[in-house]
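Here is how the chains run, residue by residue.
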Amino acid sequence: MCKTLPIIDDKILNRARVEGSSMVEIADRYIAAYFRDIRRLNILDADEYPRVTEHIPAIQQLIQALEDKGYTYAVNGNVYYSVRQFADYGKLSGRQLEQMQAGAGGRVDSNDPELKKQYPFDFALWKAAKPGEPAWESPWEPGRPGWHIECSAMIRARLGEAIDIHGGGGDLVFPHHENEIAQSEVLTGQPLANYWLHNGMVTVNGEKMSKSLGNFTTIQDLLDGNWSEYPQPIDPMVIRLFVLQAHYRKPLDFTKDAMIAAENGWQTLKDALMLDWQQLNLSPQMPIPSELDAESINRFQTAMDDDFNTAAGLAVLFELAKSLKREFNLRCYQGSPERTDMQLQQRLQTLIHLTQILGLEVQSEPSPEPEIDVGWIESLLQQRQQARREKRYAESDRIRKELQMAGIIVVDQPNGQTCWHQ
Ligand SMILES: [Zn+2]
């Protein structure tokens, strides 16, 4: 699995200008915040976190290949992709160019007054640098990649010509993913991805979440109790459950009521997991596959095989939790069990197994922040410098990642020096 990290774009460049810092510093800060959030939410790491700034040659090669095949044209140092050359353009979003033309003027890249494109939906593969912007030498003008090409190039560099699953927000179907397809498929002649998984957008009380509406909240705010709608720390597992209760392709509506409902749901699961099973000579041990409740497992799998219908999958967990609690009470207070010991053990193990699959974990008290070992960091950084000098980039990437896992962010300065922070 591969997750791309912040791209070189106008927002990052603007922020760097406003703060008087660099694009890399801004990106690193957001990357660090991203990792903090995903750790707390129990989200597994991807195998690769490719960065655009480390793939400039791969990006340029791809643009060159498109140029060689006649899919591009240049205007004032910008290189554009000519979408009318790609017969399948629009196939992912189900759009046709002729129908889109009406009203297209000004919508696509309208914030760039310098554009003199031949056609409104053509998009930039390479942008000539404006004064003060970071720029890379190139076969064209010094400049930077357009943002669509970055994904196509990093997919190609890290995963190969075609991939099985491509994810992303529903707002990226057009034009971003359409453009990725156009760039990649004309060169490979095969589908870029076998499946496209597009998640629905987050809304707040039915409205789009946005800075301008003032209803903007971060994961960190929710976890730390700084959400004005419901100002108390929310268990990360509650947020997981809240997300899983909706189908990923549907909009996810954040409301106080939905959050309370998710809290109750998590409490139900947690109660069942934390009952004093030892009292009944049962133990919440690690699940053994051959000893699980086959019927529940089948239903869960069927739900998940149906385009990840996590809501239906969760229903199986809730049923198990409720039946476990009922059986526990029967045994402890009334003495007439409905199920055999084996069935009960199977159900308990199945609930543990399925909560683990969904990444729902009863978390123990947070462990204290580990002391940082400066000597260890410095020696890794030296090894990384060495690797970079010898152009062993896979190794330097690996070291950066190792440090990132330990919460250390490595920042390469334009002067060739490297510094780090937590
Ligand atoms: Zn992309």
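In what follows, the structure referred to is the one given above.
Just so we're clear, the structure is a prediction, and the values are computed from it rather than from any experiment.

## Some details on the coordination of the zinc ion
Tetrahedral coordination by four donors places them ideally at 109.5 degrees to one another around the metal; octahedral coordination by six donors ideally gives 90 or 180 degrees.
In step 1: Donor atoms from the polypeptide that bind the zinc ion are Cys-151 (SG), His-176 (NE2) and Glu-180 (OE), placed at 2.1 to 2.2 Å.
In step 2: Between the donor residues of the zinc ion, the gaps in sequence give the motif C-x24-H-x3-E. With a gap of 25 residues between them, Cys-151 in helix H5 (residues 147-158) and His-176 in helix H6 (residues 173-188) connect regions that are remote in the sequence.

## What about the nonpolar core?
In step 1: Counting residues in each nonpolar core, the largest one holds 46 residues, and the members touching the most others are Leu-269, Trp-277, Leu-351 and Leu-360.
In step 2: Looking at this core, the elements that each hand over two or more residues are helix H7 (219-224), helix H8 (236-244), strand S9 (252-254), helix H9 (256-274), helix H10 (294-305), helix H11 (310-334) and helix H12 (341-357).
In step 3: Of the residues forming this core, the biggest block, 8 residues, is contributed by H11.
In step 4: The next biggest cluster of nonpolar side chains, apart from the first, holds 33 residues, and it includes Tyr-71, Trp-126, Val-186 and Leu-187.

## A few points about unusual backbone geometry
In step 1: Phe-174 connects to Pro-175 through a cis peptide bond whose omega is 0°.
In step 2: With respect to the element layout, Pro-175 can be found in helix H6.
In step 3: A positive phi is found at Asn-205, a non-glycine position, where the angle reads about 45°.
In step 4: Among the secondary structure elements, Asn-205 is positioned in the loop between strand S7 (202-204) and strand S8 (207-208).
In step 5: You will see that Phe-308, though not glycine, has its phi angle at about 55°, which is positive.
In step 6: Position of Phe-308 relative to the elements: it lies in the loop between H10 and H11.
In step 7: Phe-308 gets classed as partly exposed once you look at its relative accessible area, which sits at 40%.

## Some points on the sheet that holds S7
In step 1: Spatial strand order, S8-S7-S9: 3 strands in an open sheet with mixed pairing. In this open sheet, the two edge strands, each paired with only one partner strand, are S8 and S9.

## Quick word on the pairing of strand S10 (residues 409-412)
In step 1: Residues Ile-409 and Val-411 point to one face of S10 and Val-410 and Asp-412 to the other, with burial holding for every one of them.
In step 2: Relative to strand S11 (residues 418-421), S10 runs antiparallel, the two being bridged by 4 bridges. Each residue of the ladder has a partner; that of Asp-412, found in S11, is Thr-418.

## Observations concerning the packing of aromatic side chains
In step 1: This structure, assessed with the given rule, holds 13 aromatic pairs.
In step 2: Ring geometry for Trp-227 versus Phe-254: centroids 5.8 Å apart, planes at 90°, classification edge-to-face. Residue Trp-227 is found in the loop between H7 and H8, and its partner Phe-254 is found in strand S9; the two are separated by 27 residues along the sequence.
In step 3: Judged by relative accessible area, which is 4%, Trp-227 ranks as buried.
In step 4: Judged by its relative accessible area of 9%, Phe-254 falls in the buried class.
In step 5: Ring centres of Trp-277 and Phe-328 lie 5.2 Å apart, and the angle between their planes is 80°; this geometry places the pair in the edge-to-face category. Residue Trp-277 is found in the loop between H9 and H10, and its partner Phe-328 is found in helix H11; the two are separated by 51 residues along the sequence. An identical accessibility class is assigned to Trp-277 and Phe-328; each is buried.

## Some thoughts on the sheet that holds strand S1 (residues 72-75)
In step 1: Sheet architecture is open: 4 strands sit in the order S1-S2-S3-S4, paired in antiparallel fashion. Because the sheet does not close on itself, it has two edges, and the strands there are S1 and strand S4 (143-145). Within this sheet the neighbouring strands show an average axis-to-axis angle of 25°, counted without direction.
In step 2: The strands that helix H3 (residues 56-68) touches are S1, strand S2 (78-81), strand S3 (123-128) and S4; relative to S3, the one it contacts most, it runs at about 120°.

## Some words on the pattern of salt bridges
In step 1: Enumeration over the complete set of coordinates arrives at 21 salt bridges.
In step 2: The residue Arg-29 makes a salt bridge to Glu-19 at a minimum N-O spacing of 2.6 Å. Residue Arg-29 is located in helix H2 (residues 23-40), and its partner Glu-19 is located in helix H1 (residues 10-19); the two are separated by 10 residues in the primary sequence.
In step 3: Judged by relative accessible area, Arg-29 falls into the partly exposed class, the value being 37%.
In step 4: A relative accessible area of 37% places Glu-19 in the partly exposed class.

What counts and what doesn't
Residues numbered from 1 in each chain as written. Predicted model: local features only at pLDDT ≥ 70, side-chain atom pairs only at ≥ 80, totals over all residues. Heavy atoms only, no water. Donors = N, O, S within 2.8 Å, 3.2 Å for Na, K, Ca; no water. Helix = DSSP H or I, 4+ residues; strand = E, 2+ residues; numbered from the N terminus. Core = buried A, V, L, I, M, F, W, Y, C linked by side-chain atoms within 4.5 Å. Buried < 20%, exposed > 50% of the residue type's maximum accessible area, 1.4 Å probe, protein only. Pairing = 2+ DSSP bridges. Phe/Tyr/Trp six-rings, centres within 6.5 Å; stacked < 30°, edge-to-face > 60°. Axes fitted to C-alpha atoms, helices over the stretch in contact; angles between N-to-C directions. Contact = heavy atoms within 4.5 Å. Salt bridge = Lys/Arg side-chain N within 4 Å of Asp/Glu carboxyl O.

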